[in-house]
Each structure stands twice: as C-alpha cells, then as structure tokens.
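Residue-level structure breakdown
Each chain, written out:
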Amino acid sequence: MKFVKYGSIILITFVIIAGLAIPLSPAPQSWLQFPVIPALEQKARNIFFHVPVAWTTVVAFLVSLFYGYRYLRTRDISYDIKSVSSAGLGLLFCFLATITGALWAKFNWGSFWNWDPRETSIFVLLLIYGAYFALRSALESEEKRAALSAVYSIIAGITVPFLIFIMPRMMAGLHPGAKGDPEGAGPVVQFNMSPNMLVVFLLSLLGFTLLFVWLFNIRVRMARIEYERSSHHT
Amino acid sequence: MSTLSSTYALIRKDIQSELRTRYALNALLMFVVTTVATILFALRSDQPTATVLAGMYWVVIFFTAMSGLSRIFVSEEERGTTMTLQLVASPSVVYFGKLLFNVVLTLSLTLAVTLLYTIVFSTSFTIQTPSIFAVTVLLGSLGFASAATIIAAIVAKANTRGTLYPVLSFPVLIVLLMTVMSATAKALDGEEFGAAMGDFQILLGYILAITGGSYLLFDYVWKD
Amino acid sequence: MEGGDPPMIDVTLTATGITKLFNRRMIFREISFSLKGGDSLAITGRNGSGKSTLVKILCGVLTPTQGTVQFAIGGKRVSIDAAKDYLGLVTPYLQLYDEFSGWENLELLSRIRSNDFPIDERAAESLKLVGLWDRRKDMVRTYSSGMKQRLKYAFALLHRPAVLVLDEPTSNLDAEGVEVVKRVAEAQRASGILVVATSDAIEAQWCARELRLGNQTQMVTIR
C-alpha cells in the first residue's frame, strides 16, 4: 500500500506541475516544451486531468461490476461491501469528469453542454450510478440490496459498451476523435501526442489509478469496521 | 416441450387477468391520450418537423411504458401471489412469460400511438419509408419490453416502487431511445431502407444482450 | 381418497445444515434432517422462532444463508425446479388470484405447472374433497377466509404431491374444515411425506417426529 500512496501523491503532483507549467511552443526544441496543437493550444492541458479522471470512473464501474458478480456467485457480503465502495468512488470521479469536461467544453466550443455522444455517455454513467444508489436505498434487506444492485449494475453495464463504442461512430460529435472531427484534433484517439506529452499523460493515468486504489482501500476498511460494529449491536 | 406450454399458460393467465381487471390497459390508454393531448396544446397550430415528431413519438411511448410495464411483477408482489407462481413455474418460465406479455403490451401500445399520431398529426406524420418504420417499431418494442421486464422484476422487490422504476429504466433505455429516434426520423424523411441498417444492427444487438443478460440474472432477482 | 390405499411414494427430503440470517439476525442454524415416504415431521416453536421461514426454505421459495435442501424421487435426485411437481404447500403467506374463480385458479395454475394429468377431473376431485364444489365458479375475491384456506388445500392436493407441507394447517377453518384437514394429513402420512408447522400442540401430534425451534433447537420423537 505504501507504494500506492506515495506513488499516487508523487505522480499526481508531478502531473499537476508538468501539465500546467511546461510551456507551449510551435516547434518544440527540448523535452521541456509541448507542441502547439492547432485548435486546442493551452486547452490541450485538460487532457492530463479530464481523461484520466474519466478513465478512473470507468475503472471504478468495472471493479464494482466485478465484485457485484462475485457476490452473486458466493453470497459473501464482503464482496458487496467492495462493490458499493467502488461505486461510491466511481460516482465521485464521474462528477469530476463531467465537470472538467463541461469546463473544457465552455472554453473550447462556447457552451457547457452539447449532448455530443461522449458527453452523453458520461452523463448516462452518472445516471447509472445515481440509479444504483437509489435502488440500494429502497431495499432494506441486506441480502436483497446486495443481489439486486449487483444485477442492476450488470444490466446497466451491458448497455455501456453500446454507448461508448457505437454512438460516436454513428453520430458526428464535437469531441476530439469523433467522426466528422475536421483536423483530427484528437490527441486521445489517434495518439498523435508528442512523446513528452504522452509521458505526462500516461503518468497521470497511472497516478489517478493509484489514487483510486488508495481511496478504495480506505473505504473498504472503513465499511468493514462499520459492519463489524453494527453486528455487535444486534 | 413443457416449458413452452407452461410459458404459454402463464401468458394466457396474465392476459386474462389483464382483461378482467384492466389495470394496465386503462393506465396506458389514459397516459397515451393525455400526453398526445398535451403535445397538441403545446404546439397549437405549428406543425413539427420529422425529427421532432420522431422524438415525441418515442417520448409518448417511453412515458406510457414507464407507467404501465412495471405492473407485471409489481402486481404479483402486491397481491402476494409471487410465492404461488414460484410453486408452479420455474424461473425461466416466469421470465419468458412476463417478457412476452410485455412485448404484447408494448406492441399494442405502439400500434395505438401510431394510429393516434396519423390521425392527429395527419399532415406532418407521413411515414415515407414504411419498411423502416415497421422494423423500427418492432425492434424498438422488443427492446423496451426486454429492458422493462428485468427492471420491473428488480423494482417489485423494493419499497418505493413508484418513482424507482423510471429512475432505473432511463439509463438503461437511453441507447434504445437514441437509436430508435434516429431510425424513425429516417423513416419519416423518406430515406431508403439501407440507411437504417446501422440502427437496426444496434437495436438487434441491444435486444439480444439485454434479453440474454436478464435471462441469466433473473434467478438472482426472482428467488428470495 | 377412493379405492384402496394409494401406494407409498419413494421420496426423500433431506435438509443439510440449513442456516438462515435476516440482516445478520440469526433465525436458526445448522438444521439437518432426512425424511422419507411415510415419515412425518412437526415443526414447532414460539411465534417468531422461524417456523414459516423454515417451511419456505424447504419448499424452495426462500434461499437459505447456508445449507441445502434435496429431493429424491425413486432414488434419483430431483432439482429444485423439478421438485415443484412433487410438492404441495399450504401457508398463510400463499395467496390465490382474486380475479379468477376457484375453478379457474386450479385450472390456470395446473396449466402453468404443465401437469400432465386430466386437469378437469383432478380439479373436480380436489374441490369436492375440500367442500368447495358449489362455489367453484365464484371469484376468489368473494370467498371468506375459511373458503380461501380450503382452496389452498385444493390447490396443494391437485397433483397428489409426494411431499405435503402445512403451515398453520387449521387457520380460519371451522370444525368441518378441521376434520377434512385431519383426513388429508392421515392420507398423506400413508402415501408420502408430511410436514406440519404449527404452534398448536394437538396438531403437532399428527406427526411422528417434532423439530422444536428456539434457542436450543431439538429434534424429538413423538411416536
């Protein structure tokens, strides 16, 4: 765990500094200069924060699904604890992804929200998380709560690939990398990033993932303690 | 095959029950009429474009379905007949029986709405490519029914059923709604059948994925 | 039943290590027993000791937290789904369909169960046995609670179950109804397995063994 904690602190700090401080120049000479991407310029820095956060929320969702599935197979409540802990983090990261995305949209395209496919996808994920917690609060029996929320998240999870992979291809969107994107101002999809940007980006991805693992670990331990405490009262 | 005859018998029971009590039918009918009337009032004499019409069409279906499709499981739970069903039918029979009943209900609903639309919006609701429309309505109904059934089963076991059902259904149905609206718009605009193939593929994939997933997971929801 | 005694059905019901917790509250743990054709078991205990819960678990309607329930017919294991054809249950928690008549309930439910016997004949037999033949065409909505209880018996006995489980067997029944139930219990003991969950000491006497639920669960032989 030490590696995870220190790793995430170091990496994210580095990314914040590097991502924000390294200057842009039209013809980068050294490693300490980022290229200027035509339509994006300074706004490209968003990629170091928005994308990893969005990535983390998807990871959190998958983790939650996995533990939900394990619960259904074993009926072991500790899997449900892990599933809901991950979902809570996923919800948090999803909010962050939506907000960072909307801020960027405002600066880039003029309005906070446009219903382009990727924006819609993150919104749907937000709705799924919301529905998941709404369902859990409507179920009193612990076993039912665990089983039904696991089933719901799996069913909802089944629709997500349809969203993510299919919609952007079918509909022209504003997001970089979508069909109809003029100059391929899509550093993400085409990995046209310059090597130094790529390094910072990947480090950010790793840093946020480690952060997720750390937070997940804390939440699960806390939830376990609460669980033990409340069983001694019955 | 006895599973087939069991399933058929279950659907028959649900249909007979529905014809006698008319709970779902009445709710659905009222909902369709009031939503279409509201749209009419909102529009006054404006005639909407094809995209708007396509959107509204499915909005009416979505909200009406939300008010009616959860009944198949909620009614059993409310009246305490869930156990009775569990004693006579295996989970697969219950799942397919309820699913097919919902399919019948949704198809009837789309038929009713289509009829209403052609009467009320006679000038602008002209389906220029009926083949696209027919396939879209069929696949869309199957998709609605399959998602609605598993979620109805989940919601029936919870406490605050009324508001929970739309909350759970909407995220799952978004893919369906977007695809179906896009295809319907094409039907109204008179595009040729091939243009909607992409939409149909997605719909088919969606139906298979949701139905398959629901079937595999149904036991965990149905059995206490 | 008319004719000679029905033959003893080769059936076994085995409960192994049944434990049930509700929201971490332990209802009972590690309940195990085995019953075969001709055996009868009374499940007794105070209100809230878990009698109905155990009944539901035995009938496959509730999943235990741990443990298994297994059926075997003619020596071969039968899955829980297939066991429906061999199980009859009467319990206050059971409800039949209000909007249908007594007769329709029996008919519809038999068809769903895919029973391969002549449904009309058996339904008539069952209804006459419980004394509901005259009211068979009336909606269950109009039945008194005693009549509903009788209909539950008609439903449970329709397919001549190898295992008959009765939870609070005589609730809502008049003296005549109680007599019918006694005869049913006797006939079931002679042909299959009988399980009776009750808080009434007299009803418990219908069975040969008694499982007393409570802080210390015990299995006692009555006769």
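Computed from a predicted model, the values in this text were never measured in an experiment. Within each chain, residues carry numbers counting from 1 in the order of the written sequence. Whichever chain is written first becomes A and whichever ligand is written first becomes 1, with later ones labelled in order. Only residues with pLDDT of at least 70 get local features here, since the model is predicted, and only at 80 or more are side-chain atom pairs given and counted; chain-wide, interface and lining totals rely on the full set of residues.

**Section: the overall build of chain B**
Secondary structure is summarised from DSSP: a helix means a run of H or I of at least four residues, a strand means a run of E of at least two, and numbering begins at the N terminus for each. Along its length, chain B carries nine helices and zero strands. If you list the helices and strands of chain B from N to C, you get α-α-α-α-α-α-α-α-α. In terms of overall size, chain B behaves like a compact globule, its C-alpha atoms giving a radius of gyration of 18 Å where 224 residues would be expected to give roughly 17 Å. Referenced to the eigenvectors of the C-alpha coordinate spread, the extents of chain B come out at roughly 55 × 35 × 30 Å. Backbone-placed C-beta atoms define the burial measure: a residue is buried with 20 or more other C-beta atoms within 10 Å of its own, exposed with 12 or fewer, and partly exposed in between. Sorting the 224 residues of chain B into buried and exposed places 50% on the buried side. Restricting the contact set of chain B to residue pairs at least 6 apart, pairs at least 24 apart contribute 86%. C-alpha atoms define the radius of gyration in this analysis, and the globule rule sets the expected value at 2.2 Å times the number of residues to the power 0.38. Two residues qualify as a contact pair if the distance between their C-beta atoms, derived from the backbone, is within 7 Å.

**So, the overall build of chain C**
Counting secondary structure elements, chain C contains seven helices and 10 strands. In summary, chain C has a C-alpha radius of gyration of 17 Å against a globular reference of 17 Å for 223 residues, a match within 12%. A principal-axis box enclosing the C-alpha atoms of chain C has dimensions of 45 × 35 × 35 Å. The buried share among the 223 residues of chain C stands at 42%. Put simply, of all contacts in chain C between residues at least 6 apart along the chain, 69% involve residues at least 24 apart.

**Quick word on the pairing of strand β7 (residues 163–167) of chain C**
All names here are of chain C. Of all the five residues making up β7, five are buried; the element is thus mostly covered by neighbouring parts of the structure. Across the two faces of β7 the burial is the same, with V163, V165 and D167 and L164 and L166 all buried. The rule for pairing is simple: two strands pair if DSSP sees at least two bridges between them. The sheet contact formed by strand β6 (residues 87–90) and β7 spans four bridges and is parallel. Paired with L87 across the strands is V163, a residue of β7. Both β7 and strand β8 (residues 193–197) contribute to a ladder of five bridges, which runs parallel. Within β8, the position partnered with L166 by the bridge is V196. With its strands directed away from the observer, a crossover is right-handed exactly when the path from the first strand over the helix to the second travels clockwise. Crossover handedness for the path β7 to helix α6 (residues 175–191) to β8: right-handed.

**As for the interface of chain A and chain B**
At the junction of the two partners, chain A supplies 25 residues and chain B supplies 26 residues. Where the side of chain A that touches chain B is concerned, the elements lending two or more residues are α4 (117–137) and α5 (142–170) of chain A.

**So, the confidence of the model for chain C**
One confidence number per residue, pLDDT, is output by the predictor and ranges from 0 to 100. When pLDDT is averaged along chain C, the result is 89; 97% of the residues meet or exceed 70. Interface confidence in the predicted complex, given as ipTM, is 0.89; pTM for the same model is 0.87.

**Topic: helix α3 (residues 50–68) of chain B**
Turn by turn, an α-helix covers 3.6 residues, leaving residues three or four places apart pointing in a common direction. For α3 of chain B, which comprises 19 residues, the first-to-last C-alpha distance of 27 Å matches the rise-based estimate of 27 Å (1.5 Å per residue) to within 8%. All buried positions along α3 of chain B are accounted for by L53, A54, M56, Y57, W58, V60, I61, T64, A65 and G68 of chain B. For a helix, the expected span equals 1.5 Å multiplied by the residue count minus one.

**Here we look at the sheet that holds strand β3 (residues 40–44) of chain C**
All names here are of chain C. Spatial strand order, β6-β7-β8-β3-β9-β10: six strands in an open sheet with mixed pairing. Two strands in the sheet have a free side with no partner beyond their single neighbour: β6 and β10 (218–221). This sheet shows a mean twist of 15° between the axes of neighbouring strands, independent of strand direction. Where helix α5 (residues 145–157) meets the sheet, its contacts fall on β6 and β7, and the angle it forms with β6 comes to roughly 175°. For every element, the axis is a line fit to its C-alpha atoms; helices are fit only across the contacting stretch, and the angle between N-to-C directions ranges from 0 to 180 degrees.

**With respect to unusual backbone geometry**
Residue and element names in this part refer to chain C. Here the phi dihedral of R160 falls at roughly 45°; this positive angle occurs in a residue that is not glycine. Here R160 is to be found in the loop between α5 and β7. Since 19 C-beta atoms lie within 10 Å of it, R160 is described here as partly exposed.

**What to know about the interface of chain C and chain A**
At the interface, four residues of chain C touch four residues of chain A. Residues were grouped as follows: Ala, Val, Leu, Ile, Met, Phe, Trp, Tyr, Cys and Pro as nonpolar; Asp, Glu, Lys and Arg as charged; and all remaining residues, including Gly, as polar. Across the side of chain C that touches chain A, the residue classes tally to one nonpolar, one polar and two charged.

**Points about the sheet that holds strand β4 (residues 66–73) of chain C**
Residue and element names in this part refer to chain C. Within the open sheet, the four strands sit side by side as β2-β1-β4-β5. Their pairing is antiparallel. Each edge of the open sheet carries a strand with a single partner, namely β2 (25–36) and β5 (76–78). Strand-to-strand twist in this sheet, taken as the mean axis angle between neighbours without regard to direction, amounts to 25°. Relative to β4, strand β1 (residues 11–22) runs antiparallel, the two being bridged by seven bridges. Across the sheet, L13 pairs through a bridge with F71, a residue of β4. The strands that helix α1 (residues 51–58) touches are β1, β2 and β4; relative to β1, the one it contacts most, it runs at about 130°.

**Details of the nonpolar core**
Residues L135, V151 and I155 of chain A, I151 and I154 of chain B together with A154 of chain C are the most contacted members of the largest nonpolar core, which totals 192 residues. Per element, the largest residue contribution to this core is 17 residues, and it comes from helix α7 (residues 130–156) of chain B. For this entry, the nonpolar core is defined as buried Ala, Val, Leu, Ile, Met, Phe, Trp, Tyr and Cys residues connected by C-beta atoms within 7 Å.

**Topic: the pairing of β1 of chain C**
Across eight bridges, β1 of chain C lies against β2 of chain C in antiparallel orientation. Residue pairing across strands places I18 of chain C opposite I31 of chain C, the latter belonging to β2 of chain C.

**A closer look at the environment of T217 of chain C**
Residue and element names in this part refer to chain C. Here T217 shows up in the loop between β9 (209–212) and β10. For T217, a count of 16 C-beta atoms within 10 Å corresponds to the partly exposed category. Apart from residues no more than four positions distant in its own chain, T217 is found in contact with F28, I31 and R212.

**Description of the packing of helix α3 (residues 102–113) of chain C against helix α4 (residues 119–130) of chain C**
Residue and element names in this part refer to chain C. Across the interface, α3 lies against α4 with an axial gap of 10 Å and an inter-helix angle of 135°. By the angle between their axes, α3 is oblique relative to α4. α3 and α4 meet at a crossing whose hand is right-handed. Touching G102, W103, L106, E107, S110 and R111 of α3 are I119, A123, S126 and L127, all from α4. In terms of residue class, the contact of α3 with α4 is built from five nonpolar, three polar and two charged. Any angle that is under 35 degrees is reported as roughly parallel, and any over 145 degrees as roughly antiparallel; angles of 65 to 115 degrees are reported as roughly perpendicular and all others as oblique. Crossing handedness: left-handed means the near helix sits turned counterclockwise from the far one by under a right angle, and right-handed means the same turn made clockwise.

**What to know about the environment of E168 of chain C**
In this structure, E168 of chain C sits in the loop between β7 and α6. Once residues within four sequence positions are removed from consideration, E168 of chain C is found in contact with P92 and T198 of chain C.

**Remarks on helix α4 (residues 71–79) of chain B**
Residue and element names in this part refer to chain B. What α4 keeps buried is the set R71, I72, F73 and E76. On its buried face, α4 is in contact with α1 (2–21), α2 (23–43), α3, α5 (82–88), α6 (91–120) and α7. G80, located one to two residues past α4, shows a positive phi value of around 75°.

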